[in-house]
Structures are given as structure tokens and as C-alpha cells.
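Observations on the three-dimensional arrangement
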Amino acid sequence: MKIKLTSVYVDNQEKALRFYTEVLGLTKKADFSNGPFRWLTVASPDEPDGTELQLALNDNPAARAYQQAIFQQRQPAIMFYTDDVRGDYEHIKARGAEFAMPPTEVTGSTITQLNDTCGNLIQITQLAWR
């Protein structure tokens, strides 16, 4: 088995698509609608056939409550891994991202956190042993 898809709730899919593609540099993978439902995914340009991230609309009250609760607790909704967290921080910051935490060394890694503008914190992690 392998993980092919995971989801993150967003408060606006169009805004999320712009952020995840234009600011983070991911690639739009799937985008189709059926009535009011929109299936929207992005993927890493380095692994276009790898794991997809669904940008799911938080129009369900339970989804919205979950999203808001973890954001208020400063818990990241998504974690990305990188080999250069400081370089990615500078690159993404130059594209206008709002960071909640600059690159910070913690046990076994260096992390940074940013706001995706759609209701989530994202953590970018560089492992110390890679």
C-alpha cells in the first residue's frame, strides 16, 4: 500500500489554488466540477504522479470546526519536507507568504510555519539526519 491522496480543508478553493501553485510552487493535478462540488488537487512538480493534496472546501460544519480548532491551537494542517528549509523560507517569503515562525531548530530538524491564507498553518521541515 502507499498513500496516493490526502486532503486539507480550505475556505476558498480558488484562493487556495493560487496560494499552493503560485506561492508554494505546487502543480495543479486535477480540477473538475459536478454541480456545486469541485474536485481540486495539487502535487509536487518533482513527483507529478506522487501523492496528491486535495484542496477540499470546508463547507461541512464539522470540517470547518476542525480546521478552525487546529489553526487556533497553532497546529499545522500539512507538513512538507525539504532539503533546504532556509532557502525555501526565503523563496516563499519573497512570493508574499506570511510566516508564523521563521526557520527554527528543534530536536532532529529545522522547521518553519506559514499561513496558507485559507485557514491553515503549513509546516515545512528539514530533517537533521538527511
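Cut-offs and rules
- Residues numbered from 1 in each chain as written.
- Predicted model: local features only at pLDDT ≥ 70, side-chain atom pairs only at ≥ 80, totals over all residues.
- Heavy atoms only, no water.
- Pairing = 2+ DSSP bridges.
- Helix = DSSP H or I, 4+ residues; strand = E, 2+ residues; numbered from the N terminus.
- Axes fitted to C-alpha atoms, helices over the stretch in contact; angles between N-to-C directions.
- Contact = heavy atoms within 4.5 Å.

Quick look at the sheet that holds strand β8 (residues 121-127)
- Spatially, the 4 strands line up as an open sheet ordered β5-β8-β7-β6, and their pairing is mixed. Two strands in the sheet have a free side with no partner beyond their single neighbour: β5 (78-81) and β6 (98-106). When the angles between neighbouring strand axes are averaged without regard to direction, this sheet yields 20°.
- As paired elements, strand β7 (residues 109-115) and β8 share 7 bridges and run antiparallel to each other. Paired with Asn115 across the two strands is Leu121, which belongs to β8.
- In this fold helix α3 (residues 85-94) packs onto β6, β7 and β8, with an angle of close to 170° to the strand it touches most, β6.

Details of the sheet that holds strand β3 (residues 37-43)
- If you walk across this open sheet you meet the 4 strands as β1-β4-β3-β2, and the pairing is mixed. Among the strands making up the open sheet, the edge pair consists of β1 (5-10) and β2 (27-34). On average, adjacent strands in this sheet sit at an angle of 25° to one another, irrespective of strand direction.
- Note that β1 and strand β4 (residues 52-57) share 6 bridges and pair parallel. Across the sheet, the residue bridging to Ser7 is Gln54, located in β4.
- In the packing of helix α1 (residues 13-23) onto the sheet, contacts are made with β1, β2, β3 and β4, and the angle to β3 comes to roughly 10°.

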